[in-house]
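# Descriptive structure summary
Residue-level listing of the chains:
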Amino acid sequence: MDLHLDRITLVYPDGDSTLTAVDDFSLTIPSGTTTALLGPSGSGKSSLLAVAGGLTRPTSGVVRIGGDVVFAPGGGLAAATRTRLDQIGIVFQAPQLLASLTALEQLELHAHLRGRRPATVRAQAMALLAEVGLADQAHKRPAQLSGGQRQRVAIARALVGSPRVLLVDEPTSALDHARGTQIIELITRLAHELDAATLVVSHDSSTLGSVDGTVRMLDGRRELLLPVHAD
Amino acid sequence: MFVALRDLRHARGRFALMLVVITLITFLVTFLAALTAGLSRESTSAITDLPADHLAFAMPAPTDPPEFTASSVTADQWRAWAETPGVRSAEPLGVAMTRAESPATTASVTALGVAPGSAVLPGGSPNLAAGTVVLSAGAAQALSAGAGDTITLAGQELRVGAVRDAEVSFAHTPVVWTTLADWQSIGARGGDGADDRADAPDTVATVIALTLDSPATGAIATTDATAGTTTVTTTQARSAIGSFSAENGSLTTMQVFLLVISALVVGAFFTVWTISRAGEVAVLKALGASTGYLLRDAIGQAVVVLLLGVGAGTALAVAGAALLSDAVPVVVTPATTALPAVALIGLGLVGAALAIVRITRVDPHAALAAH
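Quick caveat: nothing in here was measured; it's all calculated off a predicted structure.

The subject of this paragraph is helix H1 (residues 2-10) of chain B. Taken residue by residue, H1(B) has B:Phe2, B:Val3, B:Ala4, B:Arg6, B:Asp7 and B:Leu8 as its buried positions. Next to the buried residues of H1(B) lie helix H3 (103-113) of chain A together with helix H2 (12-48), helix H7 (242-276), helix H8 (278-287) and helix H9 (291-324) of chain B.

Attention now moves to the side chain of A:Thr9. All names here are of chain A. Structurally, Thr9 can be placed in strand S1 (residues 3-14). Residue Thr9 is classed as buried on the basis of its relative accessible area of 13%. Residues within four places of Thr9 in sequence aside, it is in contact with Thr20, Val22, Asp23, Asp24, Pro58, Thr59 and Ser60.

Think of a ball as big as a water molecule: rolled over the atoms, this probe shows where empty space is left. Within this structure, the stated rule accounts for 2 cavities of 30 Å³ or more. Roughly 110 Å³ of volume is contained in the largest cavity. Around the largest cavity sit A:Ile88, A:Gly89, A:Ile90, A:Gln106, A:Leu109, A:His110, A:Arg157, A:Ala158, A:Gly161, A:Pro163, B:Ala286 and B:Leu287, which together line it. When residues of the lining of the largest cavity are traced back to their parent elements, those giving at least two are strand S6 (88-91), H3 and helix H5 (147-159) of chain A together with H8 of chain B.

Let us now look at the nonpolar core. What tends to happen in soluble globular proteins is that the nonpolar side chains get buried as a cluster. Core analysis: the biggest nonpolar cluster contains 81 residues, and A:Leu3, A:Leu109, A:Leu167 and B:Phe270 have the highest contact counts within it. At 10 residues, H2(B) tops the list of elements feeding residues into this core. The residues touching B:Phe270, leaving out its near neighbours within four places in the chain, are B:Met18, B:Ala302, B:Val305, B:Ala352, B:Ala355 and B:Ile356.

Before going further, it helps to spend a moment on the interface of chain B and chain A. Facing 21 residues of chain B, the contacting portion of chain A comprises 23 residues. Counting each side, the surface lost to burial between chain B and chain A is near 2000 Å², with a carbon and sulfur contribution of 67%. When the area that chain B buries against chain A is broken down by residue, the three leading residues are B:Phe2, B:Leu287 and B:His365, summing to 34%. At the boundary of chain B and chain A, one finds 1 salt bridge. One salt bridge connects A:Glu105 with B:Arg6, and the closest N-O pair in it is separated by 3.1 Å. Between chain B and chain A we count 5 residue pairs in polar contact (both at pLDDT 80 or more) in total. Looking at the side of chain B that touches chain A, the elements that each hand over two or more residues are H1, H8 and helix H11 (364-370) of chain B. For the side of chain B that touches chain A, the element with the most residues is H8(B), which contributes 6 residues. In terms of residue class, the side of chain B that touches chain A is built from 11 nonpolar, 5 polar and 5 charged.

For chain A, mean pLDDT is 89; residues scoring 70 or higher make up 97% of the total. By mean pLDDT, strand S10 (residues 221-226) of chain A is the weakest element of chain A at 69, and strand S4 (residues 60-65) of chain A is the strongest at 95.

Attention shifts here to the environment of A:Arg152. All names here are of chain A. Looking at where Arg152 falls in the secondary structure, it is placed in helix H5. Sequence separation between Arg152 and Glu131 is 21 residues; the distance between their C-alpha atoms is 9.5 Å. Residues contacting Arg152, with those up to four places away along its chain left out, are Val132, Gly133, Leu134, Ile183 and Leu186.

Residues and elements named next belong to chain B. One pass over the full model with this rule turns up 4 aromatic pairs over all chains. With 5.0 Å between their ring centres and 70 degrees between their planes, Phe57 and Phe68 make a pair best called edge-to-face. Of this pair, Phe57 sits in strand S1 (residues 54-57) while Phe68 sits in the loop between S1 and strand S2 (73-74), and the two are 11 residues apart along the sequence. Between Phe68 and Phe170 the ring centres are 5.3 Å apart and the planes differ by 85 degrees, which places this aromatic pair in the edge-to-face class. In this pair, Phe68 sits in the loop between S1 and S2 while Phe170 sits in strand S8 (residues 169-170), placing the two residues 102 residues apart along the sequence. The class for Phe170 is buried, based on a relative accessible area of 5%. An aromatic cluster of three or more residues is present, and its members are Phe57, Phe68 and Phe170. Residue placement shows Arg6 over the ring face of Phe2; its charged tip is 3.9 Å from the ring centre.

Here we take up the layout of surface pockets. Size it by volume and the largest pocket reaches roughly 880 Å³. What lines the largest pocket is a set of 42 residues, among which A:Leu55, B:Asp363, B:Pro364, B:His365 and B:Ala366 lie closest to the centre. Here the lining of the largest pocket gets 6 residues from one element, more than from any other, and that element is helix H2 (residues 77-87) of chain A. In terms of residue class, the lining of the largest pocket is made up of 22 nonpolar, 14 polar and 6 charged. Put simply, the second largest pocket is a space of about 540 Å³. Every residue lining the second largest pocket is counted, 20 residues in all, and those nearest its centre are B:Glu42, B:Glu167, B:Ser169, B:Ser325 and B:Pro329. Counting only elements with at least two residues in the lining of the second largest pocket, the list comes to H2, helix H4 (137-143) and strand S9 (173-179) of chain B. Of all the elements, H2(B) adds the most residues to the lining of the second largest pocket, at 4 residues. Partitioned by chemical class, the residues of the lining of the second largest pocket number 7 nonpolar, 9 polar and 4 charged. Looking at which domains feed residues into the lining of the second largest pocket, each of domain 1 (2-44 + 244-370) and domain 2 (51-233) of chain B gives three or more.

Residues and elements named next belong to chain A. Counting buried residues in strand S7 (residues 165-169) gives 5 out of 5 residues, a clear majority hidden from the surface. Judged by which residues are buried, S7 turns out to be covered on both faces: Val165, Leu167 and Asp169 on one side and Leu166 and Val168 on the other are all buried. Here S7 runs beside strand S8 (residues 197-202); their pairing, made up of 5 bridges, is parallel. If you follow Val168 over to S8, its bridge partner there is Val200.

Before going further, it helps to examine helix H1 (residues 45-52) of chain A. With 7 of 8 residues buried, H1(A) is to be regarded as a mostly interior element. Directly beyond the C-terminal end of H1(A), a positive phi value near 75 degrees is found at A:Gly54.

On the surface, a cluster of nonpolar side chains totalling about 270 Å² of accessible area is made up of B:Val256, B:Val260 and B:Leu264. Secondary-structure assignment places B:Val256 in helix H7.

With that settled, consider the domain arrangement of chain B. Many analyses report the size of an interface as the accessible area lost when the parts associate. Residue and element names in this part refer to chain B. The assigned domain composition of chain B is domain 1 (2-44 + 244-370) and domain 2 (51-233). Surface buried jointly by domain 1 and domain 2 totals about 430 Å² across both partners, of which 32% is contributed by carbon and sulfur atoms. Of all residues in domain 1, Arg41, Glu42 and Ser43 give up the largest surface area on contact with domain 2, accounting jointly for 79% of the area buried on that side. The tally of links from domain 1 across to domain 2 stands at 0 salt bridges. Scanning the region where domain 1 abuts domain 2 turns up 4 residue pairs in polar contact (both at pLDDT 80 or more). When the residues that make up the side of domain 1 that touches domain 2 are grouped by side-chain class, the tally is 1 nonpolar, 2 polar and 3 charged.

Parameters at a glance
- Residues numbered from 1 in each chain as written.
- Chains lettered and ligands numbered in written order.
- Predicted model: local features only at pLDDT ≥ 70, side-chain atom pairs only at ≥ 80, totals over all residues.
- Heavy atoms only, no water.
- Buried < 20%, exposed > 50% of the residue type's maximum accessible area, 1.4 Å probe, protein only.
- Helix = DSSP H or I, 4+ residues; strand = E, 2+ residues; numbered from the N terminus.
- Contact = heavy atoms within 4.5 Å.
- 1 Å grid on protein atoms, 1.4 Å probe; cavity = no way out; pocket = protein on both sides within 12 Å on 5 of 7 lines; lining within 4 Å.
- Points joined across faces, edges and corners; volume = space filled by probe spheres on them.
- Core = buried A, V, L, I, M, F, W, Y, C linked by side-chain atoms within 4.5 Å.
- Buried area = accessible area lost by both parts, 1.4 Å probe.
- Salt bridge = Lys/Arg side-chain N within 4 Å of Asp/Glu carboxyl O.
- Polar contact = N/O pair within 3.5 Å; in protein donor to acceptor, adjacent residues only side chain to side chain.
- Nonpolar A, V, L, I, M, F, W, Y, C, P; charged D, E, K, R; others polar.
- pLDDT = per-residue confidence, 0-100.
- Phe/Tyr/Trp six-rings, centres within 6.5 Å; stacked < 30°, edge-to-face > 60°.
- Lys NZ or Arg CZ within 6 Å of the ring centre and 35° of its normal.
- Domains from an automatic or database assignment.
- Pairing = 2+ DSSP bridges.
- Patch = residues over 30% accessible without salt bridge, like charges linked within 9 Å, V, L, I, M, F, W, Y side chains within 5 Å.
- Areas by Shrake-Rupley, 256 points an atom, 1.4 Å probe, with all protein chains shown as cover.

See the structure below:
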């Protein structure tokens, strides 16, 4: 299903005044494609990603997955949480893995959050870890993995629920160029295989050769759209 | 408890510290409860073990609170109670603390004077006759005396008729039983064989032990008014032992403070733990964990820690009480072990819940941005 961001505006209180982080921003990402959102620090990329993931309610505008409005101003937190669990995978800027869980358990956690036995997703989790090249690291905790390995576990975790939408925030910020490019290629490939509409926030265009389209953002507004194209 | 149990295993040092503290607090609370009960029993068992449900006191002034050291009942008062409808038995009971001597040693004892044939003496009184005394196990041990020996009670020689297995004591002194006549002749509180109160020349005992068919408050009040007595239950009569009130009040206050402190400590532990978990909670929320899931996980973690800590502390206290039972008066019963354990777990959970409720206020976006 496609991801639609329809005229999103996000305004934060800022002392006695307000700060517009996202200003009337619209974007559609077809399922199975990856769009990169580029822009300098403070341009509103991460704020837009937070709105797209239901972590922050928009001041105005709506987020749709397929034809369904999933996030809107005044929407309930519980419903947003459930939508995130059922339909959205998020990869954070830092891997944000739970220190006490092994790589495999990071993925099994998704099943537990949905009230299912972790064992029910074990085969899928192992397959995803194999996809990201970490099948032999499945029983290691984050402290025993390198930065790149942790980022790949985070990507596998975001995909374990077969989400319709994948949101990725600055996945290469802590990686060198070669590893960053590999990570973006991995995300693009998996998003295509899983038919997920994928939005990748980045400030480094040099690693984005594999994405389907690029959008630039400046001061909360959309600057330029390079048309989305299929592989 | 998918994350909670793994956190427990992963942060072993931190949880071991919490377990040790909860174990020590539980040990303190439980051992203190056992000691309180033991001291209470050592102070009051002569009264609480009586085969009676009420005690009638005769105080110098009717408004005085009941006290064993000041009460003296007369034959008239005894008769008044014995003739009251609904009173199954009314037994005069003399209570006096005194010194006892045996050929081997001397000891403080409490002499309980009972009427011939009275059921007040454990096991009945077939061995209790004029000039004889029945010793409780504690008195026999303290005096190194047995059946057939002679002891001196307040200057009067009495032969030991029997030794009862019962551990009965009053105000921390072991009990000896004499006939009411001998109790009167050893002087009760004065030692001169007569009550020194001019207005009570026919004093027969300290209190009247009553067994009522139907302890109706109205009938008790009526007879109290006509006989000039003050009647309380045997449980309430514990407060008429001066040392018991002060001692029990102090120990109970310590227990209450320990319980409150334990709730605060557990609450503080989980507050620190929850604050340090803010980043993890934000990730879980961002991944789609509901607030209910997070609360169940955190409360489950607190329950595991409390059950382990309180269980270990209770076991330690029971073992300590068993080892020290000859040296200190301790009573190990469900009331002194299970009750403090349940209270500690309950209060600990309240403390933990107040800390964990912060989880509901974690904003995943803000927390992740700050992380």
